[in-house]
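Take a look at the letters that make up each chain.
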Amino acid sequence: MKHLNRRSFFCSFLSDGGASVMYASGKYSSRGPALIPRMKTKHRIYYIALFSVVLLGLIATGMFQFWPHSIESSAEWTLEKGSVHDAPLIRLPASSPIPERGDLSCRMHTCFDVYRCGYNPKNKIKVYIYPLQRFVDEFGVPISSTGLSREYNDLLSAISDSDFYTDDVTRACLFIPSIDVLNQNSLRIRETAQALAMLPRWDKGMNHLLFNMLPGGPPDYNTALDVPRDRALLAGGGFSTWTYRQGYDVSIPVYSPLSADVMLPERQPGPRRYFILSSQTAIHREYRAELERLKEENGEALLLLDKCSNLSQGAASARKRCYKGQVYDYPQILQESSFCVVLRGARLGQAALSDVLQAGCVPVILADSYILPFSEVLDWKRASVVIPEEKLSEMYTILKSIPHRQVEEMQRQAHWFWEAYFSSMKAIGLTTLQIVNDRIYPYAARTYEQWNNPPVVKWSSVNSPLFLPLIPPRAPGFTAVVLTYDRVESLFRVITEISKVPSLAKLLVVWNNQNKSPPEESLWPKVGVPLKVVRTKENKLSNRFFPYDEIETEAVLAIDDDIIMLTSDELQFGYEVWREFPDRLVGYPGRLHLWDHEMGKWKYESEWTNEVSMVLTGAAFYHKYFNYLYTYKMPGDIKNWVDAHMNCEDIAMNFLVANITGKAPIKVTPRKKFKCPECTAIDGLSLDQTHMVERSECINKFASVFGTMPLKVVEHRADPVLYKDDFPEKLKSFPNIGSL
Amino acid sequence: MQAKKRYLILLSAGACLALLFYLGGVELPAARRSRQDRSRSGYRPEQPWPHYSDPLHGFVPWDQTDTEDYNLHISARQKRDVNRSVYRGKRCRMDSCFDFSLCQKNGFKVYVYPQQKGEKISESYQNILSTIEGSRFYTSDPGQACLFVLSLDTLDRDQLSPQYVHNLKTKVQSLPLWNDGRNHLIFNLYSGTWPDYTEDLGFDIGQAMLAKASIGAENFRPRFDVSIPLFSKEHPRTGGERGFLKYNTIPPFRKYMLVFKGKRYLTGIGSDTRNALYHVHNAEDVVLLTTCKHGKDWQKHKDARCDKDNAEYDKYDYKEMLHNSTFCLVPRGRRLGSFRFLEALQIPTTVRSIHQDKILSLRQQTQFLWEAYFSSVEKIVLTTLEIIQDRVLEHGSRSSLMWNSHPGGLFALPQYSGYLGDFPFYYATLGIKPYPKFTAVIHAVSPLVSQSQPILKLLVAVAKSQYCAQIIVLWNCDKPLPAKHRWPATSVPVIVIEGENKVMSSRFLPYETIVTDAVLSLDEDTVLSTTEVDFAFTVWQSFPERIVGYPARSHFWDSNKERWGYTSKWTNDYSMVLTGAAMFHRYYHYLYTHYLPTSLKNMVDQLANCEDILMNFLVSAVTKLPPIKITQKKQYKETMMGQSSRASRWADPDHFAQRQTCMNKFASWFGAMPLVHSQMRLDPVLFKDQVSILRKKYRDIERL
């Protein structure tokens, strides 16, 4: 299709060229009548000849420019559409150089040129794939018995479809040969090595990545690919601790072809029919004897399967297992067991691991010195049990000591690992590239949680950005941010009251009225702390939550311009409570959300309730970080919605904080008769039913934007330690609490 | 004329051709460029790898697993033996150079060789040894040990150093238990010397494991050696300061973006990195200072930049810079593997690209790591031992989450449970909640004589709580267990356990009968109503990692006596909540029993006192936060001595003095005062509010 486009482009050039020539000649002929009568026919022929030459010249130039190119592209086009048999044949001379054996001391900073990857804003490495070539030796014998395998084709296709891919060899930082070395058994070692060395950018294997799943061969089965490969990175299945170059190689799973063929039904974590299942067929007899002994001791809890002797070999037999003549479907049977044994075979890496994970069965891995797949990033503790081979006989006791809830958690985790990292060649390939990418751009690397938490946990878990248990010192104090419109008298009273609070560090008045200037400086009350007035460009509620540079303290007190009923003791106490809970909203009037069963939606409640899930930001302490979050990270259109409706900015803030911390706000001190703080929003809205209805609407709207109800309900509030205690008031730190 | 015309025509034809070539010549590079463009953006922009559709073979033929019958090969046991003989020395791994069987009988026990007379041991190494000897891993019997630690000082192996121990080779070889270093752990901070700074220790370590500062990747044996931080001899043995981070300011940027201040070396190992730093130095927000003054003869190597650099170096104060910088550069010095010159150049751009949210969390993580693993020699050594223990008990080791999140691996013991949800620390991370019921554990010390005894009232009140799953009565009374019918009938099971040795610490044993996450710990004479119990549990659900309870106490620094004081007076703050009526996570039972040293537990048992203080020390050391007191102060215990049960230990006048002593003893073991003050308590939302009592859920709490 693309080729056709190109061809038509070529044609259109020709016609364009033709047209221009025609035009030129036409132009000439238009002048012709003046010239021609004076010319002899001889001359006319001469002119025609001359123009023919010009025309031919033009055509020739066009041909020269585009001919070779179109040949080139059409050649590639056939390759693209055609089969692997059309790939160019490369004959390897016997004397062709062989790379050195892999260097065990290779690390990213010694054998890899990170500067090729460069600094780029996306923090993404660029990966180049060599075009397919068929390598044969001097006598025309291929270097591999299988050639390009289905799996390697899938892998390379997936990479070429990904963001990592580049077809510009000069910009690439990682090179992937198209020589398939997934299975060492099908390779001729020496010739494969020669083929690698012939790659145009090989350069001692620098920045080259090889994928191998079945390394070694009889009799000793090396745990890494035997093909000499200079400094190339190896993504290998079945590394042992002696061959694995930590921080350089990537340990990958052995892909199980069953993954693509078999769809297993969803199975919830929980107890299963069998406790331990062994389903591998080529188990060493020493281990089989050990397993038999365990079976004798523990009976029905164990199921030991082997291959079926009566079935003919082939693809079908791979899907069956037998025990004493009874036939079981594989891998379906794996779903019937809590734990599944994955024993080392000749190789450390076993495709059975993939099947076991897929079935959500917890793998019990007995393969000493085996580097588990992707162990650089995956926390296998949460999905598997690793037991030393020598302790096979104690397996039952060890597994029995694992709490049920942990087993369920591991089952879920195991299945998620399979889904995310094992299920296809694409998953395996892209995970490998991501790991390499994380090493090259460590500051942009994926986090532990991103790698290891299944979506359901990612969704329900919270990772508070203020996670360090820390009670900040009292000294810096807090900045009071007063949002005001034009109630100057009330504002001045609020300022005078707040200025009595010992820990007040600064007053910031957000003047939200564009039509009126704030009063002259001389008219403002005299206060002992700096007082700044910020004039806003638009009358928006979100202005109160802007992370102004003027706020130099961590603690912010958001307060409305008519909250004059809070005493200095109450405010100071609020600040002290905030210091103990710096990651929460700490406020005075508390509110609650309720589920209205009749209406089937959330309802806002401002009555005297025993529970609290929100505090109003008409008077609340919180960390300045939440200003930043509110302004820049508020999900969906909530911010605009709040500004458009001139309401609910406090509810939005409560949602935001609860969602990111997973914690309830803290209401401080007894309830006061605030004159409906919700109603004091800027325009002095009157207390009416519609206002409350709107706030209920807000809760429903925000819950749908957040996709969940993040608010947490609690039944406690904070009071000073000696509140209402029978103790002399003058000895209490905060005596003036709760007085109306 | 004719000829003239011809020439003219020829000329014009020539001009035309010239024009043509000119046009062609313009076209040529243009065309070439367009070709290049296309080759860069791809001839086949959508399908660069041709996604071959041929029927290809699978990479592993179906019959391969059968033909490779593993049974034909050598036995696995033999294979392990082969590994053990092949992989020695530099290729040591746990599988080949460590004898796991030594750890099977007695668990993970560490033996320290007795110190030989005349052997000098540096202060740092002495700190390491005494930490091990004071830890729960220590054994004095080499027959029980799984890990051996030398009493020969191996910390400083720089031959030019005064601390260098000579003839280490022969001394080590002559140790009777050496066994080629098998199951031995060797600590080292410095190795090699000028000019090549090799990482060799100057004696054959055989199969011993290394816990070494600045190991390069080339010499590090993965999952065998342990890389430890370099620490100075002033590093505190226990406790250690908290991190310096006091505020999480927003935006998180500080005065400087990146700083470094140090020697430049001029020549030799490590000099190329440091010689390059000046390229990035801008004297504004990137301040990288080097001085040439190093060694006696630095003037010899002096280069053109030295005078300027030295002057710049003296302008800045090191501490001021560290405290006011967002990032600190850690370039390699003489020791420590290879780092690249250009990497240093790239840092400011890289650093500037880091998002401020990330800075906020990175900064807090540094503080967590510091406090959990680095702040004292004890933490460094225990971390090393725990890492090795994790390898030995592989199926019972810690997950990365336990190591890398608060409170860290030293406080999260995997032997308690492998399930993260069994700990009080990970509920939020896993998105789960604690089990919604509690187990009450009543500590009974006096015999049951009358039916009006407080313990029976307490039992009934607690059993009525909607959140109560079961009640355990721990019978620590010298009199025999009362008959079953003497206990009141309750709707929840009451389990009576006869205390082991009847000692105080038995109230915090991790009884297997405790199946809930929450434990309500009660004294026999505690007076609590059902409502109070209910409220305590609802509050605890919000703070599952803390102690939540009623009787609060405070500590203070007595500057006259230069020691910690304990007070039960009315105060405006508190730092302890006594376990006579407190709710906390059952994990703290485990931690109390298995983490705390026998010395402290014995002290508690002998005094039959202070167990509650010790529990508060422990929990605050873990959480770094105060406990939570709920509702009003009741007339309680020490203030009403002798009123309730005469036998009460609270009536003993020595009791109070002992508690002062305990405080100081505990503080010295923890190395610092872990208790934290709080100024607030939690009440029910409508507590004493002027609203009808009928609207209040916890109305009983107001009736004192």
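Residues numbered from 1 in each chain as written. Chains lettered and ligands numbered in written order. Predicted model: local features only at pLDDT ≥ 70, side-chain atom pairs only at ≥ 80, totals over all residues. Heavy atoms only, no water.

## Notes on the overall build of chain B
A tally of helices and strands in chain B yields 22 helices and 22 strands. Taken over 704 residues, chain B has a buried fraction of 54%. Within chain B, counting contacts between residues at least 6 apart in sequence, those at least 24 apart form 75% of the total. Accessible surface, chain B: about 31,400 Å² in total, of which carbon and sulfur atoms supply 54%. (Helix = DSSP H or I, 4+ residues; strand = E, 2+ residues; numbered from the N terminus. Buried < 20%, exposed > 50% of the residue type's maximum accessible area, 1.4 Å probe, protein only. Contact = heavy atoms within 4.5 Å. Areas by Shrake-Rupley, 256 points an atom, 1.4 Å probe, with all protein chains shown as cover.)

## Some points on the overall build of chain A
Of regular secondary structure, chain A possesses 19 helices and 25 strands. Per-residue burial for chain A yields a buried fraction of 59% across its 740 residues. Taking the contacts inside chain A whose residues are at least 6 apart along the sequence as the reference set, 76% of them involve residues at least 24 apart. Accessible surface, chain A: about 30,400 Å² in total, of which carbon and sulfur atoms supply 55%.

## Let's talk about the sheet that holds strand β21 (residues 601–605) of chain A
In sheet architecture, strand pairing relies on hydrogen bonds along the backbone and comes in two forms, parallel and antiparallel. All names here are of chain A. An order of β21-β20-β22 is seen for the 3 strands of this open sheet, with the pairing classed as antiparallel. Single-partner strands in this sheet number two, and they are β21 and β22 (614–615). Along the sheet, helix α19 (residues 689–706) contacts β20 (590–596), β21 and β22; its crossing angle with β21, the most-contacted strand, is approximately 135°. (Pairing = 2+ DSSP bridges. Axes fitted to C-alpha atoms, helices over the stretch in contact; angles between N-to-C directions.)

## Side note on the domain arrangement of chain A
Residue and element names in this part refer to chain A. The domain boundaries assigned to chain A delineate domain 1 (84–251), domain 2 (258–420) and domain 3 (478–671 + 686–718). Each of domain 1 and domain 2 has a C-alpha centre, and these two points are 31 Å apart. Counting residues at the interface gives 15 residues for domain 1, matched by 11 residues for domain 2. Where domain 1 meets domain 2, there are 0 salt bridges. Put simply, domain 1 and domain 2 have 8 residue pairs in polar contact (both at pLDDT 80 or more) between them. (Domains from an automatic or database assignment. Salt bridge = Lys/Arg side-chain N within 4 Å of Asp/Glu carboxyl O. Polar contact = N/O pair within 3.5 Å; in protein donor to acceptor, adjacent residues only side chain to side chain.)

## Details of the packing of aromatic side chains
Residues and elements named next belong to chain B. Counted by the stated rule, this structure contains 64 aromatic pairs over all chains. Ring geometry for F108 versus F137: centroids 5.5 Å apart, planes at 80°, classification edge-to-face. Placement of the pair is F108 in the loop between α5 (101–106) and β1 (110–112) and F137 in the loop between α6 (123–134) and β2 (138–139), with a sequence separation of 29 residues. When the ring of Y467 is compared with that of F537, the centres are 5.0 Å apart and the planes differ by 35°; the resulting orientation is tilted. Of the two residues, Y467 sits in the loop between α17 (454–463) and β13 (468–475) while F537 sits in helix α18 (residues 530–542), which places them 70 residues apart along the sequence. Each of the two residues, Y467 as well as F537, counts as buried. (Phe/Tyr/Trp six-rings, centres within 6.5 Å; stacked < 30°, edge-to-face > 60°.)

## Concerning the domain arrangement of chain B
On domain assignment, one finds that chain B holds domain 1 (81–227), domain 2 (258–373) and domain 3 (438–640 + 647–682). The C-alpha-based centres of domain 1 of chain B and domain 2 of chain B are spaced at 33 Å.

## Overview of the side chain of Q406 of chain A
With respect to the helices and strands, the residue Q406 of chain A is situated in helix α10 (residues 404–422). Taking the relative accessible area as the measure of exposure, Q406 of chain A reaches 7% and is therefore buried. Among residues more than four places away in sequence, those in contact with Q406 of chain A are G418 and Y419 of chain B.

## Some thoughts on the layout of surface pockets
One number sums up the size of the second largest pocket: a volume of about 980 Å³. When residues of the lining of the second largest pocket are traced back to their parent elements, those giving at least two are α15 (568–580) of chain A together with α13 (356–374), α14 (377–392), α21 (611–623) and α22 (653–670) of chain B. (1 Å grid on protein atoms, 1.4 Å probe; cavity = no way out; pocket = protein on both sides within 12 Å on 5 of 7 lines; lining within 4 Å. Points joined across faces, edges and corners; volume = space filled by probe spheres on them.)

## Looking at the sheet that holds strand β12 (residues 337–343) of chain A
Residues and elements named next belong to chain A. Taken together, 5 strands build an open sheet; the order of strands is β9-β8-β12-β13-β14 and the sheet is parallel. Each having just a single partner strand, β9 (302–304) and β14 (385–386) make up the two edges of the open sheet. Against the sheet, helix α7 (residues 285–298) contacts β8 (274–278), β9 and β12, and its axis sits at roughly 145° relative to β9. The sheet strands contacting helix α8 (residues 351–358) are β12 and β13 (362–366), and the helix crosses β13 at an angle near 155°.

## Considering the nonpolar core
I125, L174, I176, F211, M213 and F374 of chain A are the most contacted members of the largest nonpolar core, which totals 94 residues. Residues within four places of F211 of chain A in sequence aside, it is in contact with Y152, L155, I159, I176, V181, L182, A235, I252, G429 and T432 of chain A. One finds F573 and Y575 of chain A together with W487 and M583 of chain B within the second-largest nonpolar core, a separate group that totals 78 residues. (Core = buried A, V, L, I, M, F, W, Y, C linked by side-chain atoms within 4.5 Å.)

## Considering the confidence of the model for chain B
If pLDDT is low for a region, its predicted coordinates should not be looked at in detail. Residue and element names in this part refer to chain B. Summing up the model confidence of chain B, the mean pLDDT is 84 and the portion of residues at 70 or higher is 86%. Low confidence marks residues 24–46, where pLDDT is under 50. Its contacts with residues over four positions away, or in another chain, come to 26 contacts. Confidence drops under pLDDT 50 across residues 337–345; counting only partners more than four residues distant or on other chains, this segment forms 19 contacts. The complex model carries a pTM of 0.86, and its ipTM stands at 0.87. (pLDDT = per-residue confidence, 0-100.)

## Things to note about α17 of chain B
Given 3.6 residues to a turn, an α-helix orients residues that are three or four positions apart in the same direction. Residues and elements named next belong to chain B. Taking burial as the measure, the 10 residues of α17 include 7 buried ones, the bulk of the element. Along α17, the residues classified as buried are I455, L456, L458, L459, A461, V462 and A463. If you follow the buried residues of α17, they end up packed against β12 (438–444), β13, β14 (494–498), β15 (518–523) and α18.

## A word on the pattern of salt bridges
As a working rule, side chains carrying opposite charge can pair if their charged atoms are close by. Counted according to the given criterion, the structure contains 59 salt bridges over all chains. Across the pair K633 of chain A and D357 of chain B runs a salt bridge whose closest N-O atoms are separated by 3.1 Å. Pair noted here: K633 of chain A is in the loop between α16 (624–632) and α17 (638–645) and D357 of chain B is in helix α13, and the two residues belong to different chains. D357 of chain B sits in the partly exposed class, given a relative accessible area of 22%. Where R305 of chain B meets D309 of chain B, a salt bridge forms, and the shortest distance between an N and an O atom there is 3.5 Å. With a relative accessible area of 22%, R305 of chain B lands in the partly exposed category.

## Digging into the confidence of the model for chain A
All names here are of chain A. Model confidence for chain A is summarised by a mean pLDDT of 86, while 87% of its residues fall at 70 or above. Within chain A, no element has a lower average pLDDT than helix α1 (residues 2–35), which sits at 38, and none a higher one than strand β7 (residues 250–251), at 97. Segment residues 1–37: pLDDT under 50, and 22 contacts once partners within four positions in sequence are set aside and those in other chains are kept. Long-range and interchain partners of residues 66–80, a stretch whose pLDDT sits below 50, account for 25 contacts in this model, where long-range means more than four residues apart.

## Some thoughts on the environment of L196 of chain A
Take L196 of chain A: it is sitting in helix α5 (residues 189–197). Between the alpha carbons of L196 of chain A and A232 of chain A there is a distance of 10.0 Å; along the sequence they are 36 residues apart.

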